[in-house]
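Tertiary structure, described
These are the residues of each chain, in order.
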Amino acid sequence: MKKRFSAATGRFAAFFSQTRTQFLLGLLVTLLVTLAEVVKWKQRNFFIYRNATLDLWAGRMPYGPEWTASVGPDAFLYGPLFTLLFTPFAWLPPWLGPFAWNIGNFLLFFYAIRSLPLSETKKTRFYFFVFLMMANNLMYYQYNLVVASIFLLAYAFLEKGRPMASILLIGVSGFTKIYGVFQYAFLLLYQRTWRNVFLYVLPTLLILALLPLVMLSPRELLNTYTSWISSFPWHFQSRPWMSVFHIRLLFSAVPVSTIPYQLGALALLSLLSLWRLNRSADAGFRAQTTGIMMGWVILFSNSPEIGTYLIAMTGLALWYYNSQPVKGEKILFALNFFLFMIVPQDVLCPKPIMRLLIEKAQLHLLVFLSTWLWMIWKTYGPKQPS
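A brief structural summary.

What counts as what
Residues numbered from 1 in each chain as written. Predicted model: local features only at pLDDT ≥ 70, side-chain atom pairs only at ≥ 80, totals over all residues. Heavy atoms only, no water. Phe/Tyr/Trp six-rings, centres within 6.5 Å; stacked < 30°, edge-to-face > 60°. Helix = DSSP H or I, 4+ residues; strand = E, 2+ residues; numbered from the N terminus. Lys NZ or Arg CZ within 6 Å of the ring centre and 35° of its normal. Axes fitted to C-alpha atoms, helices over the stretch in contact; angles between N-to-C directions. Parallel < 35°, antiparallel > 145°, perpendicular 65-115°, else oblique. Left-handed = near helix turned anticlockwise from the far one by under 90°. Contact = heavy atoms within 4.5 Å. Nonpolar A, V, L, I, M, F, W, Y, C, P; charged D, E, K, R; others polar. Salt bridge = Lys/Arg side-chain N within 4 Å of Asp/Glu carboxyl O. Expected span 1.5 Å × (residues − 1). Buried < 20%, exposed > 50% of the residue type's maximum accessible area, 1.4 Å probe, protein only.

Moving on, we get to the packing of aromatic side chains. Using the criterion set out here, one finds 47 aromatic pairs in the structure. Ring centres 5.6 Å apart and planes at 40° place the aromatic pair Tyr 63 and Phe 76 in the tilted group. Pair noted here: Tyr 63 is in the loop between α3 (44-57) and α4 (64-70) and Phe 76 is in the loop between α4 and α5 (80-90), with a separation of 13 residues, a long-range link. Among the aromatic residues, those joined into a cluster by ring pairs are Phe 46, Tyr 49, Tyr 63, Trp 67, Phe 76, Tyr 78, Phe 82, Phe 86, Phe 89, Trp 101, Tyr 141 and Tyr 143. In this structure, Arg 162 packs its charged tip against the face of Phe 157, placed 4.3 Å from the ring centre. A cation over an aromatic ring shows up here: Arg 276 above the ring of Trp 275, its NZ or CZ 3.7 Å from the ring centre.

Another point: the packing of helix α8 (residues 144-159) against helix α14 (residues 309-320). With their axes 8 Å apart at the nearest point, α8 and α14 run at an angle of 30° to one another. As judged from the angle between their axes, α8 and α14 are roughly parallel. Note on packing geometry: the crossing formed by α8 with α14 is right-handed. Here Asn 144, Leu 145, Val 147, Ala 148, Phe 151, Leu 152 and Tyr 155 of α8 lie close against α14, whose contacting residues are Leu 310, Ile 311, Thr 314 and Leu 318. Grouping the amino acids of the contact of α8 with α14 by side-chain chemistry returns 9 nonpolar, 2 polar and no charged.

Take the pattern of salt bridges next. Under the criterion given, the structure shown has 7 salt bridges. Here the salt bridges do not stand alone but share partners, grouping Arg 114, Glu 120 and Lys 123 into one network.

As a further point, take helix α9 (residues 163-176). Taking 1.5 Å of rise per residue, 14 residues should cover 20 Å, and α9 covers 20 Å from first to last C-alpha, within 8% of that figure. Across the 14 residues of α9, 10 count as buried, placing the element largely inside the fold. Those residues of α9 lying buried are Pro 163, Ser 166, Ile 167, Ile 170, Gly 171, Val 172, Ser 173, Gly 174, Phe 175 and Thr 176.

As structure tokens, then:
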């Protein structure tokens, strides 16, 4: 009996370790969650992207509380480059566009994971670690999958000696949703830093900044950038979020200005990276630094939701699978999986338990903050014995 069980388990593991199986499973889930929302006509975030894109083409500004209340159905937080890139989806019928959007998001995310310089076993584990959160983001048509994909691909392309592709992706991320722009700092970890800056970064920044002139006049483009940036503070104050600033054990009230904390944490990470720059020849160090930054952009963001932590969890997986985890790290990794992947899913965790752990105790934020601080210590602290 025991041998039969072991054989069955082995066949099951072998089946799901195949790239083709993982791809078809993800594609099937993508189609099912998309269909479930389209049938109920609840593709809310897709409507936000679509309405904002069509309005900007028509010369109407899709930012601020007035647009949110009258058109929405919620705030639009993306740059003009996003609307230009989203245009093909916006022009599709509103029942078909969500399928094209979600399939494209899944394909990009799957390709990003498969592009990582990891063993096949680790790629499989990475994929299934974030699988449930990936499905949740697809259900709600979130842009987080694209941001996480760009982080991974930009890192993977730099590792493969393709700085132009990496820098172009970072620029796209920064001009659509600002998170990814901080990945420019990682150029310091690779050779020919200043050559890459002058040869690739500056030209691509200029091109991407001006690309929306396809749909806007120069004055309209300037006004759009101004309106986009000025919409951030209002959105931050619009509702409770899930950043470090909302952890009640740390802040009795959300700070009026979060910039000093954000810049302080970023400065600390920058100083630590420069201090340990001699470790940049180690591929594991480069991957772990990327994972830590992916945690920072969400933990210190002004308005992350539970789904936004897909980016941070992807960073955690990148860090974890490029380290030699000890028992305590395995426990933290498992706790993050439970709190971010299992608990938020209604079909897996009863709502009263979810509210207790997430909303009242804020256990997910406390655990991830502890994990993130440990990641910093493990990466920048005394060199670990090999």
